[in-house]
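# Observations on the model geometry
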Amino acid sequence: MDQPVSMREYVHTSNTDDEAQKSNDQTIGVVFNADIHGSSNSKSPTLDDYSDFTMTCIVALDPILMLIQPGCATKIGTQYDVSVYSIVGKRYKRRVNILFRIKHPFERHNRFQVATELIDEFNKWVFKDVSSRRGRKSAYSKLKDSFEPQMDFGVVKVAEKDFFNIMVKPGRPWEDGHVNTIMYYLRKKAKYYPIPLSYSTIDCWFMTWVDNIEKQWRKSNCDMRSISPNHDIGQCIRAFKLLANIPWDNVDNVIIPVNISEKFHWFLVVFRIKLRCLHVYDSMKGGSVHTKKVNEAVGKLATMIPLFLTSTEFYGKKLDLYANKLPKYVHKSQSDPLDIKHMMYAPQQEDISNDCGLYTCLFAEYISNDVFDMHSIDIDAKYHRQRYATILWHYEKTKNKDGAISESEVTATVASKFGGPRIAKEHIPDTTNYPTPRQRTRN
Amino acid sequence: MAEGSRKFIKLKIKAQDDTILHFKVNPSTIMKDIFMSYSSKKQMMNYKVFRFFFDGKRLSPKKTVNELGLKNGDEIDAMIHQDGGGSACNY
């Protein structure tokens, strides 16, 4: 019989002095009701018996409800993926990170079209404050170069305007950041397309790792112990290490951007798994020294990839290659070097245009749309430079405007010491640089 | 903060050729300091030659170790930057 008494006390004390008279009447009624129940000894009183109780009184009394305040759920738009509802409680004001639903910038701009207004808007932004001084490495003065908030392209965080200027301006060579960003978003496109697409991409560091392990392997007289599934390349094949990585046994084509730093050149290699062949797309076929260097790099890939495929038990997961009796697989040992095919009719870049990074990305994008034969395609390099920069800029701008973040695509690494995949670390989103969230109003 | 600053974090930085350098740092150290001391050990004048990666993400030089969420024993990849334009290919 303690409960009605305590409630009565509560109601009594909670009312203000102005309403004291009125509340007294109410409390009498409550006590009267409760006494009836108490005397009958049938049940403890239910909430229905207290007709004047408001919801807030109940919440304030109940220890369970006090902890979890339901708050209000407001729908805040259709652009976001998971936490469509932000929880705004009276006591708990916990902002849930908004996840951006547009997974990659290519989603809205299919078929290589961008609205001209968007391009104009971007040009206005990027060509403002361009420094006229010559001999500068960056196109802007130090003060004008940085912008807030920084843009998070997953593989690289950009806070310098020069990143976009390099992309747009004809004649400026692309760096690893640009190629990696586009490869990363193409990978996301493959992963999150309504139907998973049958290709994967990797970062340009892959070639560096291949180059290095090949050197070690030759030095140790083809010692197979240096080829382990936990090496960086093995991890790439097993879908660790890189962001949003896809295991190679799920796909048919692997797109590999290759940089030969001695020749200051980018080109693209596509590993057609079903054909057991490397297709080389080179936008600048030139003299003999150049061809030799390209062949050297592709040769290294052709030798090392099958060795790593064997060590990561790739063929065990991809039994259909043998079950279908594909002619390229039947008569060969698993670790034989891959075939190499140079695509003779790949579109060629103009001289002194420094467009090979762009062409590499473009070839990759065509392949992502299942176009493998490109000899009839006419490429307007200037437009495509403009287009890539604009869609990346626009994508990040819309993302930043709402203070949204992309979900963590970390695939973690295999810690070789522990012999297994390490569980992904707790992701700490960096929200310090995002604009402060706008107050969401209750509807 | 006084207790936190006494705690050290051990980081490994792995170069392209699999050589590993170990660093013992404060959680509040700015990454730029680590990068600069790494590049001076590698006899490079400019730390911007290297790209530092953790879990596939490029590390920003302006953040501290704590802000990036690095833990004891984490391994960072250091890659030499790459670029190319193809203008030197004509011979």
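Residues numbered from 1 in each chain as written. Chains lettered and ligands numbered in written order. Predicted model: local features only at pLDDT ≥ 70, side-chain atom pairs only at ≥ 80, totals over all residues. Heavy atoms only, no water.

The name given to chain B in an unreviewed UniProt entry is Small ubiquitin-related modifier, and the organism recorded there is Solanum commersonii. If you open the UniProt record of chain B and go to Sequence similarities (unreviewed entry), you find "Belongs to the ubiquitin family. SUMO subfamily." We quote the UniProt Subcellular location (unreviewed entry) comment for chain B here in full: "Nucleus". (UniProt positions renumbered as here; feature names shortened; annotations may be inferred.)

Per an unreviewed UniProt entry, chain A carries the name Ubiquitin-like protease family profile domain-containing protein and comes from Solanum commersonii.

Looking now at the overall build of chain B. Scanning chain B from N- to C-terminus turns up two helices and six strands. Secondary structure elements in chain B, listed N-terminal to C-terminal, are α-β-β-α-β-β-β-β. Out of the 91 residues belonging to chain B, those deemed buried represent 45%. In chain B, 54% of the contacts between residues at least 6 apart in sequence involve partners at least 24 apart. Of the roughly 4,900 Å² that chain B leaves accessible, carbon and sulfur atoms contribute 54%. (Helix = DSSP H or I, 4+ residues; strand = E, 2+ residues; numbered from the N terminus. Buried < 20%, exposed > 50% of the residue type's maximum accessible area, 1.4 Å probe, protein only. Contact = heavy atoms within 4.5 Å. Areas by Shrake-Rupley, 256 points an atom, 1.4 Å probe, with all protein chains shown as cover.)

This next bit is on the packing of helix H5 (residues 116-126) of chain A against helix H16 (residues 381-401) of chain A. Residues and elements named next belong to chain A. Between H5 and H16, the least distance of the axes is 9 Å, while the angle of their chain directions is 85°. In terms of axis orientation, H5 runs roughly perpendicular to H16. Along the contact surface, H5 presents Leu118, Ile119, Glu121, Phe122, Asn123 and Trp125, while H16 presents Tyr383, Gln386, Ala389, Thr390, Trp393, His394 and Lys397. (Axes fitted to C-alpha atoms, helices over the stretch in contact; angles between N-to-C directions. Parallel < 35°, antiparallel > 145°, perpendicular 65-115°, else oblique.)

Attention now moves to H5(A). Residue and element names in this part refer to chain A. Listed in full, the buried residues belonging to H5 are Leu118, Ile119, Phe122, Asn123 and Val126. Down the axis of H5, the buried set is contained in an arc of 135°. They therefore lie on one face. Every exposed residue of H5 that faces more than 90 degrees away from the buried side is listed here: Glu117, Asp120 and Lys124. Looking at the packing, one finds that the buried side of H5 touches helix H7 (162-168) and H16. (Arc of directions from axis to C-beta.)

A complete count under the given rule lists 17 salt bridges over all chains for this structure. Notably, a salt bridge pairs A:Arg172 with A:Asp162, separated by 3.0 Å at the nearest N-O pair. Here the residue A:Arg172 occupies a position in the loop between H7 and strand E5 (174-175), and A:Asp162 occupies one in helix H7, the gap between them amounting to 10 residues. Of the two residues, A:Arg172 and A:Asp162, both sit in the buried class. A cluster of three or more residues bridged by salt bridges with shared partners is formed by A:Asp232, A:Lys241, B:Lys12, B:Lys14, B:Glu75 and B:Asp77. (Salt bridge = Lys/Arg side-chain N within 4 Å of Asp/Glu carboxyl O.)

As enumerated under the stated definition, the model contains 26 aromatic pairs over all chains in all. Taken together, a centroid distance of 5.5 Å and an interplanar angle of 80° make the contact between A:Phe163 and A:Phe164 edge-to-face. Both residues of the pair, A:Phe163 and A:Phe164, count as buried. Between B:Phe35 and B:Phe52 the ring centres are 3.8 Å apart and the planes differ by 5°, which places this aromatic pair in the stacked class. Taken together, the residues B:Phe35 in helix H2 (residues 31-41) and B:Phe52 in strand E3 (residues 50-54) connect sequence positions 17 residues apart. (Phe/Tyr/Trp six-rings, centres within 6.5 Å; stacked < 30°, edge-to-face > 60°.)

Attention shifts here to the environment of B:Ile13. Residues and elements named next belong to chain B. The residue isoleucine 13 is located in strand E1 (residues 9-14) in this model. What makes isoleucine 13 buried here is its relative accessible area of 0%. In the structure, isoleucine 13 is positioned 65 residues away from alanine 78 in sequence and 6.5 Å away in space, judged by C-alpha atoms. Residues contacting isoleucine 13, with those up to four places away along its chain left out, are Thr19, Ile20, Leu21, Phe23, Ile34, Tyr38, Phe52, Ile76 and Ala78.

Bringing the UniProt feature "domain: Ubiquitin-like" (unreviewed entry) in chain B into the picture now. On the UniProt side, "domain: Ubiquitin-like" (unreviewed entry) is annotated at positions that read residues 9-85 of chain B here. Split by type, residues 9-85 of chain B is 14% helix and 36% strand. Its first and last C-alpha atoms lie 40 Å apart.

A separate point is a positive patch on the surface. Where like charges cluster on the molecular surface, the positive patch consists of A:Lys137, A:Lys142, B:Lys32, B:Lys48 and B:Lys62. Examined against the element boundaries, B:Lys62 turns out to sit in the loop between strand E4 (57-58) and strand E5 (74-80). A residue is classified by how much of its surface remains accessible, and B:Lys62, at 65% relative accessible area, is exposed. (Patch = residues over 30% accessible without salt bridge, like charges linked within 9 Å, V, L, I, M, F, W, Y side chains within 5 Å. Lys, Arg positive; Asp, Glu negative; His and termini not counted. Charge placed at Lys NZ, Arg CZ, Asp CG, Glu CD.)

Moving on, we come to the packing of helix H8 (residues 176-192) of chain A against helix H15 (residues 356-368) of chain A. Residue and element names in this part refer to chain A. Running from N to C, H8 and H15 point in directions that differ by 5°, and their axes come no closer than 10 Å. Taken as axis vectors, H8 and H15 run roughly parallel relative to one another. For the pair H8 and H15, the contacting residues are Val179, Ile182, Met183, Leu186 and Lys189 in the first and Thr360, Cys361, Ala364, Glu365 and Ser368 in the second.

All names here are of chain A. Looking at chain direction, strand E3 (residues 146-152) and strand E4 (residues 157-160) are connected through three bridges and run antiparallel. Bridging across to E4, serine 146 finds its partner in glutamate 160. A loop of four residues connects E3 with E4, the two strands running antiparallel in sequence, and glycine 154 in this loop sits at a positive phi of about 70°. (Pairing = 2+ DSSP bridges.)

Residues and elements named next belong to chain A. Here chain A averages 74 in pLDDT, and 69% of its residues register 70 or above. Per-element confidence in chain A ranges from a low mean pLDDT of 42 for strand E12 (residues 420-421) to a high of 91 for strand E9 (residues 277-281). When the criterion is pLDDT under 50, residues 10-40 qualifies, and its contacts beyond four places in sequence or with other chains add up to 20 contacts. In the predicted structure, residues 64-77 sits below a pLDDT of 50 and forms 31 contacts with residues beyond four places in sequence or in another chain. (pLDDT = per-residue confidence, 0-100.)

Quick look at the sheet that holds strand E6 (residues 199-201) of chain A now. Residues and elements named next belong to chain A. Ordered in space as E6-E7-E8-E9-E10, the five strands form an open sheet in which the pairing is mixed. Edge positions in the sheet fall to E6 and strand E10 (339-342), since each of these pairs with one other strand and no more. Adjacent strand axes in the sheet meet at a mean angle of 25° when their direction is disregarded. Both strand E8 (residues 265-272) and E9 contribute to a ladder of five bridges, which runs antiparallel. Within E9, the residue paired with valine 269 across the bridge is valine 280. Packing of helix H11 (residues 288-311) onto the sheet brings it into contact with strand E7 (253-260), E8, E9 and E10, and relative to E8 it is tilted by some 35°.

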